[in-house]
Amino acid sequence: EDQVTQSPEALRLQEGESSSLNCSYTVSGLRGLFWYRQDPGKGPEFLFTLYSAGEEKEKERLKATLTKKESFLHITAPKPEDSATYLCAVQRPGSARQLTFGSGTQLTVLP
Amino acid sequence: DTGVSQDPRHKITKRGQNVTFRCDPISEHNRLYWYRQTLGQGPEFLTYFQNEAQLEKSRLLSDRFSAERPKGSFSTLEIQRTEQGDSAMYLCASRSEGTEAFFGQGTRLTVV
């Protein structure tokens with residue numbers, strides 16, 4: 001059965017203090033690893049898709065990387081508006097291609 | 001088209017009542033998903049439609065749950081005889097072939 005584990009559960013950073021979020025996964029035949037951002041009371045917002053080990057993607061202060069067992073979301077010089085829950089998900093093979101999510105990392109960036 | 005739309009945003013119902021939620025996907029997306037999210041957890045897959053056909057259902061989808069997507073456009077999720085354990089955020093997502101899934105803002109259900 002697919003498993004996605006995110007750590008830490010919660011992270012508090014000072015504005016400008018860079019850090020990384022971890023997503024470790026076990027899935028048979030990874031079709032893609034996804035990062036989403038979720039603000040309180042709202043639906044997840046797509047950030048990145050990674051397909052193969054060694055792949056990296058960047059968007060503003062965020063950079064996602066992928067290995068064969070885990071993915072990292074690096075946050076460089078975060079701002080208070082980066083505060084949110086960051087969700088990692090894996091896509092399994094098959095026609096539905098549904099996502100299996102981790103429990104998320106709740107990030108708080110203090111001014 | 002501004003994205004995936006869900007209605008209502010919030011629903012409070014008494015235990016034992018039936019509720020129905022609606023999802024309008026992005027117009028060109030033929031694939032539609034329902035997920036359920038409880039506090040502090042990630043979304044969990046419930047069911048999948050490709051066009052009007054419901055092709056996959058999770059074990060989480062008990063007999064009290066039914067979903068439809070007539071004509072392959074909007075979708076409805078009905079919960080019959082609601083229980084307190086049904087309280088959650090119900091999320092709809094859509095995508096087309098080869099794209100990522102876009103989520104709606106969800107319907108927050110509270111069963112009292």
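Reference entry: report on the structure contained in this document. Note that the structure is predicted; figures quoted are calculated from it, not measured. (Residues numbered from 1 in each chain as written. Chains lettered and ligands numbered in written order. Predicted model: local features only at pLDDT ≥ 70, side-chain atom pairs only at ≥ 80, totals over all residues. Heavy atoms only, no water.)

Brief notes about the interface of chain B and chain A
As a reminder of what qualifies: Contacts between residues were defined by any pair of non-hydrogen atoms, one from each residue, lying within 4.5 Å. Here's the idea: put two parts together, see how much 1.4 Å probe accessible area each one loses, and the total over both is what we call buried area. Each salt bridge in this description consists of a side-chain nitrogen of Lys or Arg and a carboxyl oxygen of Asp or Glu lying within 4 Å of one another. Residues adjacent in sequence count toward polar contacts only when both atoms are side-chain atoms; beyond that, a polar contact is any pair of N or O atoms within 3.5 Å, and within protein one must be able to donate a hydrogen and the other to accept it. Numbered from the N terminus, helices here are DSSP runs of H or I no shorter than four residues, and strands are runs of E no shorter than two. Note on residue categories: nonpolar means Ala, Val, Leu, Ile, Met, Phe, Trp, Tyr, Cys or Pro, charged means Asp, Glu, Lys or Arg, and polar means any other residue, Gly included.
Counting residues at the interface gives 20 residues for chain B, matched by 20 residues for chain A. For the pairing of chain B and chain A, the buried interface totals around 1,600 Å² over both sides, and the portion due to carbon and sulfur atoms is 50%. Contact with chain A buries surface across chain B, with Pro43, Glu100 and Phe103 of chain B losing the most and accounting together for 26% of the total. Across the chain B-chain A interface, the total number found is 0 salt bridges. Taken together, chain B and chain A are joined by 8 residue pairs in polar contact (both at pLDDT 80 or more). Elements with a contribution of two residues or more to the side of chain B that touches chain A: strand E4 (31–37), strand E5 (44–50) and strand E9 (88–95) of chain B. For the side of chain B that touches chain A, the class distribution of residues is 9 nonpolar, 6 polar and 5 charged.

Details of the state of the cysteines
Here is the rule we go by: Disulfides are defined as pairs of cysteine sulfur atoms found within 2.5 Å of each other. Partly exposed describes any residue whose relative accessible area lies between the buried limit of under 20% and the exposed limit of over 50%, with all areas from a 1.4 Å probe on protein chains only and scaled to the type maximum.
Inspection of every chain in the model, using the stated rule, returns 2 disulfides over all chains. The side chain of Cys23 of chain A participates in a disulfide bridge whose partner is Cys88 of chain A; the two sulfur atoms lie 1.9 Å from each other. Between Cys23 of chain A and Cys88 of chain A, the S-S dihedral sits near -60 degrees, and the bridge is therefore left-handed. Here Cys23 of chain A, found in strand E3 (residues 19–26), pairs with Cys88 of chain A, found in strand E9 (residues 84–91); they are 65 residues apart in sequence, far enough to count as distant. Across the pair, Cys88 of chain A and Cys23 of chain A agree in class, each one buried. With a sulfur-sulfur separation of 1.9 Å, Cys23 of chain B is cross-linked through a disulfide to Cys92 of chain B. Because the sign of the S-S torsion sets the handedness, a value of about -65 degrees for the bond joining Cys23 of chain B and Cys92 of chain B places this disulfide among the left-handed ones. With Cys23 of chain B in strand E3 (residues 19–24) and Cys92 of chain B in strand E9, this residue pair connects regions lying 69 residues apart in the sequence.

Here we look at the nonpolar core
Nonpolar side chains in soluble globular proteins tend to end up buried together. Keep this limit in mind: Grouping buried Ala, Val, Leu, Ile, Met, Phe, Trp, Tyr and Cys residues that are joined through side-chain atoms within 4.5 Å yields what is termed a nonpolar core.
Leu33, Trp35, Leu73 and Tyr86 of chain A are the most contacted members of the largest nonpolar core, which has 22 residues in total. Looking at this core, the elements that each hand over two or more residues are strand E2 (10–14), E3, strand E4 (32–38), strand E5 (45–50), strand E7 (62–66), strand E8 (70–75), E9 and strand E11 (105–110) of chain A. With 4 residues, E9 of chain A is the largest single contributor of residues to this core. Membership of the second largest hydrophobic core comes to 19 residues, among which are Phe65, Ala67, Leu77 and Cys92 of chain B.

Structural measurements only, silent on function.
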